[in-house]
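# Topology and contacts: notes
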Amino acid sequence: MAPIPKIVRWIELVALFVGLPVAFYFNNLKLPKSIPLLVVFLIALFYLLTTKSFSKKSFGFNGYKSWRTLSLRILISLLAISLLSVIFLPGEQLFYLPLHRTELWLLIMIFYPIWSAFTQEVIYRGFFFHRYTPLFKNDKIVVTLNGVLFGLLHIIFRNWIAVAGATIIGFVWAYSYFKHRSILVVSLEHAIVGNFLFTIGLGYFFYVPDF
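Since this is a predicted model, take the numbers as computed values, not measurements.

Definitions and limits used
Residues numbered from 1 in each chain as written. Predicted model: local features only at pLDDT ≥ 70, side-chain atom pairs only at ≥ 80, totals over all residues. Heavy atoms only, no water. Salt bridge = Lys/Arg side-chain N within 4 Å of Asp/Glu carboxyl O. Helix = DSSP H or I, 4+ residues; strand = E, 2+ residues; numbered from the N terminus. Buried < 20%, exposed > 50% of the residue type's maximum accessible area, 1.4 Å probe, protein only.

### As for the pattern of salt bridges
A complete count under the given rule lists three salt bridges for this structure. Among the ionic pairs, Glu-189 bridges to Arg-73, the shortest N-O distance being 2.8 Å. Pair noted here: Glu-189 is in helix α8 (residues 183-200) and Arg-73 is in helix α3 (residues 67-88), with a separation of 116 residues, a long-range link. Residue Glu-189 is classed as buried on the basis of its relative accessible area, which comes to 0%. Of the charged contacts, one joins Glu-121 and Arg-125 as a salt bridge, the two residues approaching to 2.6 Å between their closest N and O atoms. Highlighted residues: Glu-121 and Arg-125, both in helix α5 (residues 102-132), separated by four residues, approximately one helical turn. The exposure class assigned to Glu-121 is buried, which follows from its relative accessible area of 0%. The class of Arg-125 is buried, set by a relative accessible area of 0%.

The structure is reproduced here in structure tokens:
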């Protein structure tokens, strides 16, 4: 099979990671945002499962041993989220979901790790790095671009807190995946951080009613 031309991969990259978020931001796509997420996830998952050059060990821990570093990083993230919540949220919004909408909060705690965290990490880490790394000669550019594009995805929430926060943590998760090649590790961290966001109340900035 002939190698895929670089121009094709560039078109894919721009269409999927720039075009889709921008289209939703400007309301050019009149459908729930979960639909393209699911479609792209299934395409990415199928690609990774059927591509021989992709190590299926990446779906597991893949020999990951930096648990202390991961724990410290998660702790710092949770402390930062707590501080931002106190600064940007009115008092009544703190822990609003677990206190006032407990059933919804429990559903988020159960389904966010799978439906949001894992799907995004398959797309933005596993799929992105395997398919588009050959376009770049410098690994730092790939990691940086991945973090920026992850932040760009969050323009659909129409607030700078979501974009800035996702970009910063996107750099961290991009580097983690690049170094350890474990979708499960970044998904685990993503799930813990995301669930805490919605628990403390800052998830307000990461929610759209038509998701």
